[in-house]
Amino acid sequence: MTKEQEVEARQYSETSIKVLEGLEAVRKRPAMYIGDISVRGLHHLVNEVVDNSIDEALAGFCDTITVAINMDGSVTVEDNGRGIPTGPHPVKKISTLEVVMCTLHAGGKFDKQTYQVSGGLHGVGVSVVNALSEWCEVVVSRDGMQYKQRYHRGVPQGPVETLGKTKKSGTLTTFYPDVEIFKNIDFRFEVLEERLRELAYLNKSISITLRDERNQEEEVFHFKGGLRDFVEYIDAARESMIKKPIYIEGERDGTPVELAFQYNDSYSENIFTYVNNIHTIEGGTHLVGLKTALTRVLNNYAYKNGLAKEGKTTISGDDFREGLTAVLSVKVAEPQFEGQTKTKLGNSETKSVVETIIGEQLSLYLEQNPSVAKRVIEKALRAAEAREAARRARDLTRRKNALDSLSLPGKLADCSITDPEHCEIYLVEGDSAGGSAKQGRDRRFQAILPLRGKILNVEKARLHKVLENTEINAMVSAFGAGIGHDEDIDLTSLRYGKIIIMTDADVDGSHIRTLLLTFFFRYMKALIENGHVFIAQPPLYKIKKGKVERYAFDDDERDDILKVLRAGKSDPADLEDLEEAAEPGLVLKKDGITLSRFKGLGEMNPDQLWETTMNPETRTLLRVTMENAAEADRLFQILMGDAVEPRRQFIERNAKYVRNLDV
Ligand code: 0RA
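Residues numbered from 1 in each chain as written. Predicted model: local features only at pLDDT ≥ 70, side-chain atom pairs only at ≥ 80, totals over all residues. Heavy atoms only, no water.

Caption draft 1: Focus on the overall build of the chain. A count of helical and extended segments in the chain gives 20 helices and 25 strands. The buried share among the 663 residues of the chain stands at 52%. Contacts spanning at least 24 positions in sequence make up 67% of the contacts within the chain whose residues lie at least 6 apart. Working note: accessible area of the chain is about 31,700 Å², and carbon and sulfur atoms make up 50% of it. (Helix = DSSP H or I, 4+ residues; strand = E, 2+ residues; numbered from the N terminus. Buried < 20%, exposed > 50% of the residue type's maximum accessible area, 1.4 Å probe, protein only. Contact = heavy atoms within 4.5 Å. Areas by Shrake-Rupley, 256 points an atom, 1.4 Å probe, with all protein chains shown as cover.)

Caption draft 2: A look at helix 7 (residues 227-234). Along helix 7, the residues classified as buried are Leu227, Phe230, Val231, Tyr233 and Ile234. All buried residues of helix 7 fall inside an arc of 160° around its axis, so they share one side. (Arc of directions from axis to C-beta.)

Caption draft 3: Seen up close, the packing of helix 3 (residues 39-58) against helix 6 (residues 189-202). Where helix 3 contacts helix 6, the two axes come as close as 10 Å, and the packing angle between them is 25°. On the basis of the axis angle, helix 3 is roughly parallel to helix 6. When the axes of helix 3 and helix 6 are compared, the crossing they make is right-handed. Each of His43, Val46, Asn47, Val50, Asp51 and Ile54 in helix 3 lies in contact with helix 6, whose residues at this interface are Val191, Leu192, Arg195, Leu196 and Leu199. Here the residues of the contact of helix 3 with helix 6 sort into seven nonpolar, two polar and two charged. (Axes fitted to C-alpha atoms, helices over the stretch in contact; angles between N-to-C directions. Parallel < 35°, antiparallel > 145°, perpendicular 65-115°, else oblique. Left-handed = near helix turned anticlockwise from the far one by under 90°. Nonpolar A, V, L, I, M, F, W, Y, C, P; charged D, E, K, R; others polar.)

Caption draft 4: Layout of the pattern of salt bridges. Taken as a whole, this structure holds 36 salt bridges when the rule is applied. The partner of Glu198 in a salt bridge is Arg195, and the shortest N-O contact between them spans 3.0 Å. Placement of both Glu198 and Arg195 in helix 6 is noted, with a separation of three residues, approximately one turn of the helix. Relative accessible area serves as the criterion here: at 8%, Glu198 is assigned to the buried category. Classification of Arg195 by relative accessible area gives buried; the value is 16%. Here Arg495 and Asp414 are joined by a salt bridge, their closest N and O atoms 2.5 Å apart. Residue Arg495 is found in the loop between helix 13 (470-479) and strand 19 (498-502), and its partner Asp414 is found in the loop between helix 10 (370-400) and strand 17 (424-429); the two are separated by 81 residues along the sequence. Accessibility expressed as a relative area gives 26% for Arg495, which makes it partly exposed. Residue Asp414 is classed as partly exposed on the basis of its relative accessible area, which comes to 25%. Linked through salt bridges whose partners overlap, the residues forming this network are Arg27, Arg153, Asp178 and Glu180. (Salt bridge = Lys/Arg side-chain N within 4 Å of Asp/Glu carboxyl O.)

Caption draft 5: A look at the environment of Ile455. As for its position among the elements, Ile455 is in the loop between strand 18 (446-451) and helix 12 (463-468). Here the alpha-carbon distance between Ile455 and Arg513, two residues 58 residues apart in the chain, equals 9.5 Å. Dropping the residues within four chain positions of it, Ile455 is found in contact with Glu471, Ile512, Leu515 and Leu516.

Caption draft 6: Quick look at the pairing of strand 14 (residues 324-330). Strand 14 sits mainly inside the fold: seven of its seven residues count as buried. Alternating positions in strand 14 separate into two faces, Leu324, Ala326, Leu328 and Val330 on one and Thr325, Val327 and Ser329 on the other, with burial throughout. Bridge count between strand 11 (residues 255-263) and strand 14: seven bridges; the pairing is antiparallel. By the bridge assignment for strand 14, Leu259 is matched with Leu328. The pairing of strand 12 (residues 270-275) with strand 14 spans six bridges and is classified as parallel. Pairing of Tyr274 across the sheet is with Ser329, part of strand 14. (Pairing = 2+ DSSP bridges.)

Caption draft 7: View of the side chain of Ser207. With respect to the helices and strands, Ser207 occurs in strand 8 (residues 207-212). Here Ser207 is in contact with Asp63, Thr64, Ile65, Val220, Phe221 and His222, once residues within four sequence places are set aside.

Caption draft 8: Representation of the environment of Asn270. Mapping Asn270 onto the fold places it in strand 12. For the pair Asn270 and Gly323, spaced 53 residues apart in sequence, the C-alpha to C-alpha distance is 7.6 Å. One polar contact links Asn270 to Arg522, side chain to side chain, over a distance of 2.9 Å. (Polar contact = N/O pair within 3.5 Å; in protein donor to acceptor, adjacent residues only side chain to side chain.)

Caption draft 9: Structural detail: the nonpolar core. Core analysis: the largest hydrophobic core is formed by 60 residues, its most contacted members being Val46, Val67 and Phe175. Once residues lying within four places of it in the same chain are set aside, the contact partners of Val67 are Val46, Val50, Val75, Thr76, Val77, Leu196, Thr209, Leu210 and Arg211. Of all hydrophobic cores here, the second largest spans 42 residues; its members include Leu287, Val332, Leu345 and Tyr365. (Core = buried A, V, L, I, M, F, W, Y, C linked by side-chain atoms within 4.5 Å.)

Caption draft 10: Spotlight on the sheet that holds strand 24 (residues 593-597). With respect to topology, four strands assemble into an open sheet ordered 22-21-24-23, the strand pairing being antiparallel. Only two strands of the sheet have a single partner each, and these edge strands are strand 22 (548-552) and strand 23 (587-590). Averaged over all neighbouring strand pairs, the angle between strand axes comes to 15°, with direction disregarded. Two strands pair when backbone bridges link them, and strand 21 (residues 541-545) and strand 24 are joined in this way by five bridges, in the antiparallel orientation. Across the sheet, Tyr541 pairs through a bridge with Arg597, a residue of strand 24.

Caption draft 11: Seen up close, the packing of aromatic side chains. Using the criterion set out here, one finds 11 aromatic pairs in the structure. Both rings, one in Phe261 and one in Tyr263, keep their centres 6.2 Å apart while their planes meet at 85°; by these two values the pair is edge-to-face. Classification of Phe261 as buried rests on a relative accessible area of 3%. Residue classification places Tyr263 among the buried residues on the basis of a relative accessible area of 2%. Through pairs of rings, three or more aromatic residues link up here, namely Tyr201, Phe223, Phe230, Tyr233 and Tyr274. (Phe/Tyr/Trp six-rings, centres within 6.5 Å; stacked < 30°, edge-to-face > 60°.)

Given below as structure tokens:
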């Protein structure tokens, strides 16, 4: 070796060691990079790769992205962008492709000029996907040639290879998640579908195809109407007050702003905001800009045109947002994210950019569409009048019950400690289940609130009706954090850190759960946003053999347990009998094994309920998240709203998922 070669070799191995250390860190603590290693984290890998292609599209070099779930369980993401550069990296000397694939945080962002807006809040880069994949392969088409490199758990298995000539350009990444990291590596079409559809709505020039090679399922997402189409999709089950959503598009100081909105016949406000394709759950300055512009412009128009009069009903910002469905999307060069979940935009300059663009264009729209303007203002006036009436009614009852309103609901079995961080409240349907829960609980930190009768469907009711409902009143006073919009909720007064919905695992239970979730979503969204709402998972089966008692939470688990208990005695026909005949409430005995299917929570004795569903050591809770609020909103509408046809279609199309529909 010459001296020069020696130096080069040493440099190479030094960078390799650093690279390995970086990727080793990812493999040691994957959750730090992708959130978790559950189903969500697994699918996040795909989003991470897609984000890079979206960045390339936002830079103006790519308009087609294809995602495929392959026969062998791997996933391929292909785009028609410029292709990741393959030449030597100016600093690291090795191939840029290898740097992008094997260095933490290198993922294309070193090219700041072209990457003004970048897709990822997560934005951890494709090297993380590489590190968490058993194998990964990238094929780059660029400058008339094709190149390939393959990796094993993030480590290159050789240098970048030249494959030959091509006329194409773009990047094709295939990866197979590592089973050492992920327990379950089954990709699900419906999970990938949601984010890809959302991305296509947000970026109207991009066509995204999702294909499942395992069953030949395919969907193409390409929405030329962009956010207009998004708003119509969200409101599919609602009656719109105007023919086409109002659409505003503009750019100021290098910040593109896009907005679509319409009014429907519901009473709820639905504003979804995005920054660089990231859903800003907690809102921020762009949302403030939108609200300010909307209130100012609509108010001005109302007074100028004699639709509202001084001294009469005053229309508030809230009134202009009753029945509003809006999607706002901005692209910000250097976004500052704040808040608990880092999804609140902090950039102060964005407020005035959004306010100016929407202010100007909305004024113009109202002048040109006076009949739409009149309908919108009149709707707001009706909202204002209803709000006034509700306030008067509330003042009256408040005076009547001045003392009452401070007390806790009578049927609440409260816990003895008061530190919210350690307290939890179970919302239980029906008296008998409530009784078992009260006996089975640990009364020091677990409170029980039995809910009787039907929960009000808040989709179909105005605020004052909601406030009058007994069950809702009981929840509001038990939780102690208030009710209404985010600003009406005071999390510091919340009396329980965990609010746990515990319903039967049947159709009625799932209906009640959906009603409760709809209520939280509309009137206590902050509780969901801050991770306070959970769903208990009661078991479906009890399997007993001699002294061994096991519980199964689904059919697969039941079959696994049966197999183990029957080990050594394999008569498949018998086993099938045992499984098939397991109707709710039925008890089956065979070969010393007793299989019983629980009818409902009330049927479990207090000890069983504690052991399977309430004991923090052994239970499983599902945390309710706002991950895809637009989709959730649509689902609540479809399931709870008036329109029959969309609901029928939805249930037919999703029959196989109905069990988990509302979780
Ligand atoms: C850095 C520089 C350039 C392209 C990319 C990264 C790039 C990365 C990915 C990842 C997936 N698809 C991608 N497409 C492009 C371009 C540099 C240039 O050509 O001047």
